[in-house]
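Listed below are the residues making up each chain.
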Amino acid sequence: RDILDFDIRIPEELYRYKILKLTLQPIVENSLYHGIKVKRGKGIILVKGCLKDDKIYFDVEDTGVGMTEAELVSLRSKLTRPCKETDSGFGLANVNERIRMNYGSEYGVTINSKQGEGTWVRIVIPAQSIEE
């Protein structure tokens, strides 16, 4: 049965920039398994990208079950730890750690969520052309 609508809005101007492998996949997978799959009824996952001030912003939004404030605080805390010290949220911690190791602490993953409404994850990386 159809439980998901999926929309990707990445403008062609972003195709000429580098992105680390396996950056978006774990985030989209989390949206599906932790948000949409456990929701009763159809859900939406939206992946957007934009270029602003020499930075690339990727947003992964879902209309899943969302998180309580306590769950969100816990997950945000785990993002700040090295992924080997994280017992859950490994995919997110790994993505965040790899981005920060490659580009610096001003880049990485941020998460917002509201229980019953969904989750929004933002990934920020520097705009580095493939030619560089």
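Residues numbered from 1 in each chain as written. Predicted model: local features only at pLDDT ≥ 70, side-chain atom pairs only at ≥ 80, totals over all residues. Heavy atoms only, no water.

Taking burial as the measure, the eight residues of strand 3 (residues 55-62) include six buried ones, the bulk of the element. When strand 2 (residues 43-52) meets strand 3, the two strands line up antiparallel, connected through eight bridges. Bridge assignment links Lys48 to a residue of strand 3, and that residue is Asp59. Taking the residues that link successive antiparallel strands as the turn, the strand 2-strand 3 hairpin has two residues, and the phi of Asp53 there is positive, at about 50°. (Buried < 20%, exposed > 50% of the residue type's maximum accessible area, 1.4 Å probe, protein only. Helix = DSSP H or I, 4+ residues; strand = E, 2+ residues; numbered from the N terminus. Pairing = 2+ DSSP bridges.)

A word on the sheet that holds strand 3. Taken in spatial order, the five strands of this open sheet run 1-2-3-5-4, and their pairing is mixed. Edge positions in the sheet fall to strand 1 (4-9) and strand 4 (108-114), since each of these pairs with one other strand and no more. Across the sheet, the mean angle separating the axes of adjacent strands is 10° when strand polarity is ignored. Of the pairings in the sheet, the one linking strand 3 to strand 5 (residues 118-126) comprises eight bridges and is antiparallel in character. Counted as the bridge partner of Ile56 is Ile125 from strand 5. (Axes fitted to C-alpha atoms, helices over the stretch in contact; angles between N-to-C directions.)

The sheet contact formed by strand 4 and strand 5 spans seven bridges and is antiparallel. Looking at the pairing, Gly108 lines up with Val124 of strand 5. From the end of strand 4 to the start of strand 5, which pair antiparallel, there are three residues, and Gly116 there has a positive phi angle of about 85°.

This next bit is on the side chain of Ser113. Mapping Ser113 onto the fold places it in strand 4. Looking at Ser113, the relative accessible area reads 15%, which means it is buried. Among the polar contacts listed, one links the side chain of Ser113 to the backbone oxygen of Gly118, at a separation of 3.0 Å. A distance of 2.8 Å separates polar atoms of two side chains, one belonging to Ser113 and the other to Thr119. Beyond its immediate sequence surroundings of up to four residues, Ser113 is in contact with Gly66, Met67, Leu72, Gly118 and Thr119. (Polar contact = N/O pair within 3.5 Å; in protein donor to acceptor, adjacent residues only side chain to side chain. Contact = heavy atoms within 4.5 Å.)

Our next topic: the packing of aromatic side chains. Scanning all chains against the criterion turns up one aromatic pair. Ring geometry for Tyr103 against Tyr107: centres 6.2 Å apart, planes inclined by 75°, an arrangement best described as edge-to-face. In this structure, Tyr103 and Tyr107 share a single accessibility class: buried. (Phe/Tyr/Trp six-rings, centres within 6.5 Å; stacked < 30°, edge-to-face > 60°.)

A word on the pattern of salt bridges. As enumerated under the stated definition, the model contains five salt bridges in all. Where Lys48 meets Glu61, a salt bridge forms, and the shortest distance between an N and an O atom there is 3.0 Å. Here Lys48, found in strand 2, pairs with Glu61, found in strand 3; they are 13 residues apart in sequence, far enough to count as distant. Residue classification places Lys48 among the partly exposed positions, given a relative accessible area of 28%. Its salt-bridge partner being Lys114, residue Glu117 comes within 3.8 Å of it at the nearest N-O pair. (Salt bridge = Lys/Arg side-chain N within 4 Å of Asp/Glu carboxyl O.)

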